[in-house]
There are 2 protein chains.
Amino acid sequence: MNYCSQCGSRVSVWIPEGDDRPRFICDRCNKIHYQNPKMVVGCIPEWEDRILLCKRSIEPKSGKWTLPAGYLENGETVIDGAIRETVEEAGARVEMLEPYALMSIAYISQIYLIFRARLSDTDFAPGKESLEVKLFSEEEIPWDDLAFIVVRETLQRYFKDRPNGLFPVQTGTITRPKTL
Amino acid sequence: MNYCSQCGSRVSVWIPEGDDRPRFICDRCNKIHYQNPKMVVGCIPEWEDRILLCKRSIEPKSGKWTLPAGYLENGETVIDGAIRETVEEAGARVEMLEPYALMSIAYISQIYLIFRARLSDTDFAPGKESLEVKLFSEEEIPWDDLAFIVVRETLQRYFKDRPNGLFPVQTGTITRPKTL
């Protein structure tokens, strides 16, 4: 952020009085521009003992598999957002959404909220951001070709819970991958 | 939003190619400025059969009672954010946080995530945004003096669940109050 979105002047970074962390603040109109994490909402669409994954057609991680999920939009409920993303990326309709995984990816300021959901039918088709959409049994999950750590972590917990038939909401933190 | 935060030029509102809703887009550098809901995180701090509420010292709803909660900050996990807000507003330490209520307030683009939490001790004190902090039994809850509908809805569900000793995660939608 370089300029004030309200008045167009330059912004500086400093800690406002009564605050405890630096903010972008307009040099002229003094507006404080808070920045906050974004929510990513999506689901694990279930069809009998299989779940639906999408092969990404866009970067990052083009060609890798993921759950249908994306940024929550202004004016949406979390459930409406998860349903919309599943339509957009997998051409699939889901129902009976239940919150399952709540994962904080603090280092990129993203909060993932993944629902379990029942696929309404098998009439799905890849959307613009997907190359392919496919149902996978547990044995078929492409663990080495998943797009994101948060997807792997969510699916690991899901398949651990599934034999019990109980899916308590999972909270977790995804930390920055170590680089050599 | 009037100006591009990247280059300082004017922005216009239109639907980018491949998108399905209007965005703020810079007239010069073409940067698309997405706007997304903010998360509010907080908790229901429990001490034996009582819960901790804060009387607000600031607008909106100064003088009304609320749960300790506030905007999640960049770089935080949802649990760290809820703990921080409870320290800031109630001077209270909480532990063993479990997600409880996930409420979408779509019309103001806020998502509330409220945890149940155990108060570590009764050494609490009002922070800058509170006039008073107090433990309430169910009979003592000031239902007519709660600050926000989302707080009332969360507490109603909480006290309905409590006799069962089971607190499944609640999802809900808060709609705009009707005006006459």
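Worth saying up front: this structure is predicted, and the values here are computed from it rather than measured.

Reading the values: rules and limits
- Residues numbered from 1 in each chain as written.
- Chains lettered and ligands numbered in written order.
- Predicted model: local features only at pLDDT ≥ 70, side-chain atom pairs only at ≥ 80, totals over all residues.
- Contact = placed C-beta atoms within 7 Å.
- Helix = DSSP H or I, 4+ residues; strand = E, 2+ residues; numbered from the N terminus.
- Nonpolar A, V, L, I, M, F, W, Y, C, P; charged D, E, K, R; others polar.
- Domains from an automatic or database assignment.
- pLDDT = per-residue confidence, 0-100.
- Least-squares fit on C-alpha atoms with pLDDT ≥ 70 in both.
- Pairing = 2+ DSSP bridges.
- Buried ≥ 20, exposed ≤ 12 C-beta atoms within 10 Å, placed from the backbone.
- Core = buried A, V, L, I, M, F, W, Y, C linked by C-beta atoms within 7 Å.

K.L.:
So what's going on with the interface of chain A and chain B? Which residues, and what values?
P.N.:
On the side of chain B, 33 residues touch chain A, which itself brings 33 residues to the contact. Every element with two or more residues in the side of chain A that touches chain B is listed here: strand 4 (38-47), helix 1 (78-90), strand 8 (94-105) and strand 11 (170-173) of chain A. Its residues assigned to classes, the side of chain A that touches chain B shows 15 nonpolar, 14 polar and four charged.

K.L.:
Talk me through the domain arrangement of chain A; I want residue IDs and the actual numbers.
P.N.:
Segmenting chain A into domains produces domain 1 (1-35) and domain 2 (38-173). Using only C-alpha atoms to locate each centre, domain 1 of chain A and domain 2 of chain A end up separated by 36 Å.

K.L.:
How would you explain the confidence of the model for chain A if you had to name every residue and give the values?
P.N.:
Parts of the prediction with low pLDDT should not have their coordinates interpreted in detail. Predicted confidence across chain A gives a mean pLDDT of 97, with 99% of residues reaching 70 or more. Here the prediction assigns the complex a pTM of 0.96, and the interface score ipTM is 0.95.

K.L.:
Outline the relation of the copies chain A and chain B, listing residues and values.
P.N.:
With an RMSD of 0.0 Å, chain A superimposes on chain B once it is rotated by 180° and translated 0.0 Å along the axis. The symmetry that links the two subunits is that of a two-fold axis. A shared binding surface is used by both copies, with 100% of the interface residues of chain A retained as interface residues in chain B.

K.L.:
Help me get a handle on the sheet that holds strand 3 (residues 32-33) of chain A, residues and values and all.
P.N.:
In spatial order, the strands read 1-2-3 (chain A); together these three strands make up an open sheet with antiparallel pairing. Edge positions in the open sheet fall to strand 1 (11-14) and strand 3 of chain A, since each of these has one partner strand only.

K.L.:
Go over the sheet that holds strand 2 (residues 23-26) of chain B with me, naming the residues and quoting the values.
P.N.:
Residues and elements named next belong to chain B. Spatially, the three strands line up as an open sheet ordered 1-2-3, and their pairing is antiparallel. Looking at which strands have only one partner, the edges of the open sheet turn out to be strand 1 (11-14) and strand 3 (32-33). Pairing of strand 1 with strand 2 involves four bridges; the strand directions are antiparallel. Counted as the bridge partner of S12 is I25 from strand 2.

K.L.:
Any details on the pairing of strand 5 (residues 50-56) of chain B? Residues and values, ideally.
P.N.:
All names here are of chain B. Burial runs high along strand 5: six of the seven residues are buried. With two bridges connecting them, strand 4 (residues 38-47) and strand 5 associate as antiparallel partners. Looking at the pairing, E46 lines up with I51 of strand 5. Remark: two residues form the turn of the hairpin made by strand 4 and strand 5, two consecutive strands paired antiparallel; E48 in that turn has positive phi of roughly 50°. Examined bridge by bridge, strand 5 and strand 10 (residues 130-136) share six bridges and lie antiparallel to one another. Paired with I51 across the two strands is F136, which belongs to strand 10. For strand 5 and strand 6 (residues 65-66), the ladder comprises two bridges, and the chain directions are antiparallel.

K.L.:
Give me the nonpolar core: which residues, what numbers.
P.N.:
Ranked by size, the top nonpolar core spans 86 residues in total, and within it C43(A), Y112(A), I114(A), C43(B), Y112(B) and I114(B) carry the most contacts. Other than its neighbours up to four places away in sequence, Y112(A) contacts V40(A), A69(A), A101(A), M103(A), I105(A) and V150(A).

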